[in-house]
Amino acid sequence: MENLLRVGVISSTHGVRGEVKVFPTTDEKERFKKLKTVLLDTGKEQISLEIEGVKFFKNMVILKFKGYDNINDVERYRGKDLLITREQAVPLKENENFVADLIGLTVKTDEGDILGNVKDVLFTGANDVYVVERENGKDILLPAIRQCILDVDLEEQVMTVHLLDGLLDL
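Residues numbered from 1 in each chain as written. Predicted model: local features only at pLDDT ≥ 70, side-chain atom pairs only at ≥ 80, totals over all residues. Heavy atoms only, no water.

Enquirer: How would you explain the overall build of the chain if you had to name every residue and give the values?
Expert: Secondary structure summary: the chain contains two helices and twelve strands in total. Each helix and strand of the chain, placed in order from N terminus to C terminus, yields the pattern β-β-β-β-β-α-β-α-β-β-β-β-β-β. When each of the 170 residues of the chain is scored for burial, the buried share is 34%. For the chain, the exposed surface amounts to about 10,600 Å²; the carbon and sulfur share of it is 47%. (Helix = DSSP H or I, 4+ residues; strand = E, 2+ residues; numbered from the N terminus. Buried < 20%, exposed > 50% of the residue type's maximum accessible area, 1.4 Å probe, protein only. Areas by Shrake-Rupley, 256 points an atom, 1.4 Å probe, with all protein chains shown as cover.)

Enquirer: Can you tell me about the sheet that holds strand 8 (residues 114-123), naming the residues and giving the values?
Expert: Within a sheet, neighbouring strands are paired by backbone hydrogen bonds and run either parallel or antiparallel to one another. In spatial order, the strands read 10-9-8-7-12-11; together these six strands make up an open sheet with mixed pairing. Two strands close off the open sheet at either side, each with one partner strand: strand 10 (139-143) and strand 11 (149-153). On average, each strand axis in the sheet is inclined to that of its neighbour by 35°, with strand direction left out of account. Here strand 11 runs beside strand 12 (residues 158-161); their pairing, made up of four bridges, is antiparallel. (Pairing = 2+ DSSP bridges. Axes fitted to C-alpha atoms, helices over the stretch in contact; angles between N-to-C directions.)

Enquirer: Can you explain the UniProt feature "domain: Ribosome maturation factor RimM PRC barrel" (unreviewed entry) in the chain? Please cite residues and give values.
Expert: Cross-referencing UniProt, the feature "domain: Ribosome maturation factor RimM PRC barrel" (unreviewed entry) maps to residues 100-167 in the present numbering. In residues 100-167, helix accounts for 4% and strand for 50%; the two terminal C-alpha atoms are 24 Å from one another. (UniProt positions renumbered as here; feature names shortened; annotations may be inferred.)

Enquirer: Which residues make up the pairing of strand 3 (residues 37-41), and what values do they have?
Expert: Pairing geometry for strand 3 and strand 4 (residues 46-57), over five bridges, is antiparallel. The residue of strand 4 that forms the bridge with Val-38 is Leu-49. Hairpin geometry of strand 3 and strand 4 is characterised by an intervening segment of four residues between the two adjacent antiparallel strands and by a positive phi of about 100° at Gly-43. Note that strand 3 and strand 6 (residues 81-85) share three bridges and pair antiparallel. Within the sheet, the bridge partner assigned to Asp-41 lies in strand 6 and is Asp-81.

Enquirer: Please provide a residue-by-residue account of the environment of Thr-42, values included.
Expert: Within the element layout of this structure, Thr-42 appears in the loop between strand 3 and strand 4. Judged by relative accessible area, which is 17%, Thr-42 ranks as buried. With 79 residues separating them in the primary sequence, Thr-42 and Val-121 have C-alpha atoms 23 Å apart.

Enquirer: Account for the nonpolar core, with residues named and values stated.
Expert: If you look at the biggest cluster of nonpolar residues, it comprises 22 residues, and the most contacted ones within it are Val-22, Val-38, Leu-63, Phe-65 and Leu-82. Those elements giving two or more residues to this core turn out to be strand 1 (4-14), strand 2 (19-24), strand 3, strand 4, strand 5 (60-65) and strand 6. When sequence neighbours within four positions are dropped, the list of residues in contact with Val-38 reads Ile-47, Ser-48, Leu-49, Ile-51, Phe-65, Leu-82, Leu-83 and Ile-84. Core analysis: the next-biggest nonpolar cluster, separate from the first, contains 14 residues, Leu-105, Val-121, Val-132 and Ile-140 among them. (Core = buried A, V, L, I, M, F, W, Y, C linked by side-chain atoms within 4.5 Å. Contact = heavy atoms within 4.5 Å.)

This is the structure in C-alpha coordinates:
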(Lines give C-alpha, C1' and ligand atoms only; values in the text may rest on other atoms or scores of the structure.)
Protein backbone atom coordinates (compact mmCIF):
# COMPACT_ATOMS: atom_id res chain seq x y z
CA MET A 1 0.00 0.00 0.00
CA GLU A 2 1.10 3.51 -0.75
CA ASN A 3 2.15 5.54 2.28
CA LEU A 4 1.47 8.85 0.51
CA LEU A 5 -1.99 9.91 -0.63
CA ARG A 6 -2.83 12.68 -3.10
CA VAL A 7 -5.16 15.34 -1.70
CA GLY A 8 -4.95 17.85 -4.52
CA VAL A 9 -3.33 19.16 -7.68
CA ILE A 10 -2.10 22.73 -8.06
CA SER A 11 -4.07 24.07 -11.02
CA SER A 12 -2.84 27.66 -11.19
CA THR A 13 -1.60 30.63 -9.25
CA HIS A 14 -4.04 32.94 -7.48
CA GLY A 15 -3.10 36.59 -7.38
CA VAL A 16 0.47 37.78 -7.09
CA ARG A 17 1.22 37.03 -3.42
CA GLY A 18 2.16 33.36 -3.75
CA GLU A 19 -1.25 31.74 -3.37
CA VAL A 20 -2.22 28.74 -5.51
CA LYS A 21 -5.53 27.28 -6.63
CA VAL A 22 -5.74 23.59 -5.81
CA PHE A 23 -8.17 21.10 -7.32
CA PRO A 24 -8.99 18.82 -4.35
CA THR A 25 -8.79 15.07 -4.94
CA THR A 26 -10.29 14.30 -1.56
CA ASP A 27 -13.95 13.89 -0.67
CA GLU A 28 -13.64 16.47 2.10
CA LYS A 29 -12.02 19.67 0.89
CA GLU A 30 -12.67 21.23 4.32
CA ARG A 31 -9.89 18.96 5.57
CA PHE A 32 -7.35 21.49 4.25
CA LYS A 33 -8.21 23.74 7.22
CA LYS A 34 -6.80 21.09 9.58
CA LEU A 35 -3.66 20.30 7.58
CA LYS A 36 -0.49 21.98 8.77
CA THR A 37 1.83 20.60 6.07
CA VAL A 38 1.66 18.87 2.69
CA LEU A 39 4.28 17.34 0.43
CA LEU A 40 4.70 18.86 -3.01
CA ASP A 41 5.68 16.23 -5.59
CA THR A 42 7.78 18.08 -8.18
CA GLY A 43 8.47 14.91 -10.15
CA LYS A 44 12.11 14.95 -9.03
CA GLU A 45 11.67 15.42 -5.29
CA GLN A 46 9.11 15.92 -2.56
CA ILE A 47 9.16 19.25 -0.77
CA SER A 48 7.47 19.70 2.61
CA LEU A 49 5.36 22.87 2.59
CA GLU A 50 3.84 24.54 5.64
CA ILE A 51 0.29 25.77 5.03
CA GLU A 52 -0.11 29.38 6.12
CA GLY A 53 -3.61 30.09 4.82
CA VAL A 54 -6.66 28.29 3.41
CA LYS A 55 -9.61 29.76 1.51
CA PHE A 56 -12.30 28.23 -0.67
CA PHE A 57 -13.54 29.47 -4.03
CA LYS A 58 -16.18 27.48 -5.92
CA ASN A 59 -14.85 23.92 -6.22
CA MET A 60 -11.24 24.97 -5.56
CA VAL A 61 -9.07 25.39 -2.48
CA ILE A 62 -6.76 28.41 -2.34
CA LEU A 63 -3.59 27.74 -0.36
CA LYS A 64 -0.83 30.02 0.85
CA PHE A 65 2.45 28.35 1.80
CA LYS A 66 4.87 29.83 4.34
CA GLY A 67 7.91 31.36 2.65
CA TYR A 68 6.29 31.57 -0.80
CA ASP A 69 5.29 35.20 -1.10
CA ASN A 70 5.01 36.02 -4.78
CA ILE A 71 3.70 34.53 -7.99
CA ASN A 72 7.21 33.67 -9.24
CA ASP A 73 7.79 31.40 -6.22
CA VAL A 74 4.82 29.13 -7.01
CA GLU A 75 4.23 29.41 -10.76
CA ARG A 76 6.54 26.50 -11.57
CA TYR A 77 4.43 24.12 -9.43
CA ARG A 78 1.35 24.29 -11.68
CA GLY A 79 0.06 20.76 -12.34
CA LYS A 80 2.00 19.24 -9.43
CA ASP A 81 0.46 16.92 -6.83
CA LEU A 82 0.02 17.70 -3.14
CA LEU A 83 0.45 14.63 -0.96
CA ILE A 84 -0.11 13.69 2.67
CA THR A 85 0.94 10.69 4.72
CA ARG A 86 -1.60 8.06 5.80
CA GLU A 87 -1.27 9.40 9.36
CA GLN A 88 -2.61 12.78 8.15
CA ALA A 89 -5.53 11.20 6.31
CA VAL A 90 -9.15 11.50 7.37
CA PRO A 91 -10.25 8.25 9.04
CA LEU A 92 -12.20 6.04 6.65
CA LYS A 93 -15.77 4.98 7.31
CA GLU A 94 -16.93 1.41 6.96
CA ASN A 95 -16.64 0.09 3.38
CA GLU A 96 -14.50 3.06 2.29
CA ASN A 97 -11.03 2.77 0.76
CA PHE A 98 -8.41 5.14 -0.51
CA VAL A 99 -8.27 5.26 -4.31
CA ALA A 100 -4.53 4.56 -4.16
CA ASP A 101 -5.31 1.22 -2.48
CA LEU A 102 -7.86 0.21 -5.14
CA ILE A 103 -5.66 0.80 -8.18
CA GLY A 104 -4.16 -2.49 -9.33
CA LEU A 105 -6.55 -4.79 -7.44
CA THR A 106 -7.47 -8.01 -9.25
CA VAL A 107 -11.20 -8.04 -9.94
CA LYS A 108 -13.01 -11.36 -9.89
CA THR A 109 -16.68 -12.26 -10.09
CA ASP A 110 -18.64 -14.03 -7.38
CA GLU A 111 -18.47 -17.04 -9.74
CA GLY A 112 -14.65 -17.01 -9.64
CA ASP A 113 -13.92 -15.53 -13.09
CA ILE A 114 -11.08 -13.00 -13.31
CA LEU A 115 -12.27 -9.80 -15.01
CA GLY A 116 -9.05 -7.76 -14.91
CA ASN A 117 -7.47 -5.07 -12.74
CA VAL A 118 -8.74 -1.76 -11.38
CA LYS A 119 -6.98 0.95 -13.37
CA ASP A 120 -8.93 4.07 -12.37
CA VAL A 121 -11.79 5.43 -10.28
CA LEU A 122 -14.27 7.90 -11.77
CA PHE A 123 -16.18 10.28 -9.52
CA THR A 124 -19.64 10.76 -11.00
CA GLY A 125 -21.54 12.38 -8.16
CA ALA A 126 -24.15 9.65 -7.61
CA ASN A 127 -21.55 6.95 -6.93
CA ASP A 128 -17.98 6.21 -7.86
CA VAL A 129 -17.27 3.99 -10.85
CA TYR A 130 -14.36 1.56 -10.98
CA VAL A 131 -12.63 1.23 -14.35
CA VAL A 132 -11.47 -2.37 -14.79
CA GLU A 133 -8.99 -3.12 -17.57
CA ARG A 134 -9.47 -6.53 -19.14
CA GLU A 135 -6.79 -8.67 -20.80
CA ASN A 136 -8.20 -7.80 -24.22
CA GLY A 137 -7.57 -4.11 -23.46
CA LYS A 138 -11.25 -3.21 -23.19
CA ASP A 139 -12.53 -1.58 -20.03
CA ILE A 140 -15.50 -2.52 -17.87
CA LEU A 141 -17.16 0.19 -15.80
CA LEU A 142 -18.41 -1.09 -12.45
CA PRO A 143 -20.59 1.10 -10.22
CA ALA A 144 -19.31 1.26 -6.65
CA ILE A 145 -22.58 0.11 -5.12
CA ARG A 146 -23.24 -2.75 -2.69
CA GLN A 147 -25.20 -4.75 -5.26
CA CYS A 148 -22.12 -4.85 -7.50
CA ILE A 149 -19.04 -4.58 -5.24
CA LEU A 150 -19.29 -7.48 -2.78
CA ASP A 151 -15.87 -7.39 -1.11
CA VAL A 152 -12.58 -5.52 -1.19
CA ASP A 153 -9.71 -7.50 0.34
CA LEU A 154 -6.64 -5.25 0.43
CA GLU A 155 -4.44 -7.95 1.99
CA GLU A 156 -5.18 -10.38 -0.83
CA GLN A 157 -5.36 -7.54 -3.40
CA VAL A 158 -8.71 -8.83 -4.69
CA MET A 159 -12.06 -7.15 -5.33
CA THR A 160 -15.01 -9.53 -5.60
CA VAL A 161 -17.94 -8.28 -7.69
CA HIS A 162 -21.36 -9.37 -8.84
CA LEU A 163 -21.95 -8.53 -12.50
CA LEU A 164 -25.29 -6.79 -12.82
CA ASP A 165 -27.25 -7.38 -16.02
CA GLY A 166 -25.86 -5.35 -18.91
CA LEU A 167 -22.44 -4.51 -17.44
CA LEU A 168 -20.58 -6.64 -19.99
CA ASP A 169 -22.75 -5.55 -22.94
CA LEU A 170 -20.91 -3.41 -25.45
